[in-house]
Amino acid sequence: MASYTKKEAREWARQHLNGVAHVTIPTLTSDFKRINEKAIRHDVRLSIEHGFIGSLAVSEVPLSQAEYDQFQQVMVDEARGRLIVVHHAVFNTLEDNIEAVKRAEANGADLVLLGYPPHFYPKSLDEVYEYTKAFCDATNLGVIIFPVPIWGFSRLDPADMPVQLLRRLVDDCPNIVAIKAEGGMPYIMGAIEVHRHFHKDVVITLPLEYEYIPLAQVLDIPFCGTNYSAFFGPWIPRAHKMIREGRYEEATALFYKLDPMRRAVSALGFGGQGLANRLLWKYQSWLQGYNGGPIRHPTARLYAKDMAMLRGATQAAGLNPTSDPDEAFFVGRNPD
């Protein structure tokens, strides 16, 4: 159960969402039949060591509902209050997502990132409102809402979830605690507009490090997440600390230090057709000591040329990637 009530959710978020949250991608055993508990615990411990305050328990990989629950329970148990565990609400239907978030509450998850399933094809922004409100009404957990083009709402509005829609939701759903501001990407207007209208109501998060590090120097943005920043090891949490302490020149120098890695990610992309390549994200974090290891098929593939680009970029940035050969990634650091 959450440590706050529904009415206290925004106050809790103001107090606790100050830092960086990445993602944890579940690892399976070598026969692909079970959750690899040792691997998950390894990733949670390293996340805490690297200075992350939270992590998204990724659900958009092939797992049963029972396996996802087990994965989440292991994260919560290993975190023991040291890492905010974020439930990933992107199951097939609204009903599935309501059932899953109720289990997440019982599992001890702290927060929810709300997405929209591929077969949700609204004809109007009112339908987006109705889906979102129905979900928020069904849970006591704080909810991060997430304007972003991958949901396909750009056909309804270029901001994906415009200010008028967000205002209705923020006013009507007291457990909406944050807005993950990626609407209208690749442009920053959506992020600026969301901050201008809502930063006094809820926490605004800019999850993309290449937006967060510059914009957080001129806007009060306490939270950066959830994102792929395990690729950078401890450096995005360190950048957050620099910015919050007003050490802008150091943060700017770090921004440029990470440029080879940023360019590699830009060249490879996050995935295709609205689904992140989680195997690629897993490899990125493996370069910095995370577990790596098996994800069940179907999954996007990872090729030698992609691994070479990411490893080379990490070396060029001076972040000392693992010396383990790439074939070790597919086994993982804690095989079972």
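For the structure, check the block above.
### Focus: the pairing of strand β6 (residues 176-180)
Across a regular strand the side chains alternate sides, sitting on one face of the sheet and then on the other. For β6, the buried fraction is high: five of the five residues fall into the buried class. Pairing between strand β5 (residues 142-145) and β6: three bridges, direction parallel. Looking at β6, one finds that Val143 is bridged to Ile176. Taking the sense of rotation as the criterion, the β-α-β connection linking β5, helix α6 (residues 163-172) and β6 turns out right-handed. With three bridges connecting them, β6 and strand β7 (residues 203-205) associate as parallel partners.

### Section: the pairing of strand β2 (residues 54-57)
Both faces of β2 are covered, namely the face carrying Gly54 and Leu56 and the face carrying Ser55 and Ala57. Two elements, strand β1 (residues 19-24) and β2, share four bridges in a ladder whose sense is parallel. Pairing of Val23 across the sheet is with Leu56, part of β2. Sheet analysis places β2 next to strand β3 (residues 84-89), joined by four bridges and oriented parallel. Each residue of the ladder has a partner; that of Leu56, found in β3, is Val86. One crossover worth recording links β2 to the parallel β3 by way of helix α3 (residues 65-79), and it is right-handed.

### A few points about the packing of aromatic side chains
Counted under the stated rule, the structure contains 20 aromatic pairs. Relative to Phe71, the ring of Tyr68 has its centre 6.0 Å away and its plane inclined at 65°; by these criteria the two rings are edge-to-face. Of this pair, Tyr68 and Phe71 both sit in helix α3, separated by three residues, roughly a single helical turn. As far as burial versus exposure is concerned, Tyr68 and Phe71 are alike and both buried.

### Looking at the packing of helix α5 (residues 125-137) against α6
Taken N-terminus to C-terminus, the directions of α5 and α6 make an angle of 25°; their axes are 10 Å apart at the nearest point. It follows from the interaxial angle that α5 and α6 lie roughly parallel. Judged by the sense of rotation from one axis to the other, the crossing of α5 with α6 is right-handed. On α6, the residues that touch Leu125, Asp126, Val128, Tyr129, Thr132 and Lys133 of α5 are Leu165, Arg168, Leu169 and Asp172. Its residues assigned to classes, the contact of α5 with α6 shows five nonpolar, one polar and four charged.

### Thoughts on the side chain of His50
Note that His50 resides in the loop between α2 (37-49) and β2. Residue His50 is classed as buried on the basis of its relative accessible area, which comes to 10%. In terms of polar contacts, His50 uses its side chain to reach the side chain of Tyr290, at 2.9 Å. Dropping the residues within four chain positions of it, His50 is found in contact with Gly233, Pro234, Pro237, Gln288 and Tyr290.

### Comments concerning the side chain of Glu211
Secondary-structure assignment places Glu211 in helix α8 (residues 209-215). Here Glu211 is buried and forms no salt bridge, its nearest opposite-charge partner Arg262 lying at an N-O distance of 11 Å. Apart from residues lying up to four places away in sequence, Glu211 is in contact with Ile188, Leu206 and Ala216.

### Comments concerning helix α1 (residues 9-16)
Burial in α1 covers these residues: Ala9, Trp12 and Ala13. Down the axis of α1, the sector holding all buried residues measures 100°, keeping them to one side. Turned more than 90 degrees away from the buried face of α1, the exposed residues are Glu11 and Gln15. Buried-residue contacts for α1 involve β3, β4 (111-114), β5, β6 and β7.

### Some points on the pattern of salt bridges
What the rule picks out here adds up to 23 salt bridges. Measuring nitrogen to oxygen at the nearest pair gives 2.7 Å for the salt bridge that ties Glu78 to Arg41. With a gap of 37 residues between them, Glu78 in helix α3 and Arg41 in helix α2 connect regions that are remote in the sequence. Using a relative accessible area of 7% as the deciding quantity, one classes Glu78 as buried. On the basis of relative accessible area, Arg41 is assigned to the buried category, the value being 18%. Note that Arg278 and Glu60 form a salt bridge whose closest N and O atoms lie 2.4 Å from each other. Of this pair, Arg278 sits in helix α12 (residues 278-286) while Glu60 sits in the loop between β2 and α3, placing them 218 residues apart in sequence. It is possible to trace a salt-bridge network through shared partners that takes in Glu37, Arg41, Arg45, Asp77 and Glu78.

### What to know about unusual backbone geometry
A cis amide bond, omega -5°, links Gly225 with the succeeding residue Thr226. Considering the arrangement of structural elements, one finds Thr226 in strand β8 (residues 223-227). That bond from His297 to Pro298 is cis: its omega, 5°, falls within 30 degrees of zero. Phi is positive for Asp160, which is not a glycine, with a value near 70°. Within the secondary structure, Asp160 is located in the loop between β5 and α6. Classification of Asp160 by relative accessible area gives buried; the value is 0%. You will see that Asn320, though not glycine, has its phi angle at about 50°, which is positive. The topology assignment puts Asn320 in the segment after α13 (304-316). The class for Asn320 is exposed, based on a relative accessible area of 64%.

Procedures and definitions
- Residues numbered from 1 in each chain as written.
- Predicted model: local features only at pLDDT ≥ 70, side-chain atom pairs only at ≥ 80, totals over all residues.
- Heavy atoms only, no water.
- Buried < 20%, exposed > 50% of the residue type's maximum accessible area, 1.4 Å probe, protein only.
- Helix = DSSP H or I, 4+ residues; strand = E, 2+ residues; numbered from the N terminus.
- Pairing = 2+ DSSP bridges.
- Right-handed = clockwise from strand over helix to strand, strands pointing away.
- Phe/Tyr/Trp six-rings, centres within 6.5 Å; stacked < 30°, edge-to-face > 60°.
- Axes fitted to C-alpha atoms, helices over the stretch in contact; angles between N-to-C directions.
- Parallel < 35°, antiparallel > 145°, perpendicular 65-115°, else oblique.
- Left-handed = near helix turned anticlockwise from the far one by under 90°.
- Contact = heavy atoms within 4.5 Å.
- Nonpolar A, V, L, I, M, F, W, Y, C, P; charged D, E, K, R; others polar.
- Polar contact = N/O pair within 3.5 Å; in protein donor to acceptor, adjacent residues only side chain to side chain.
- Lys, Arg positive; Asp, Glu negative; His and termini not counted.
- Salt bridge = Lys/Arg side-chain N within 4 Å of Asp/Glu carboxyl O.
- Arc of directions from axis to C-beta.

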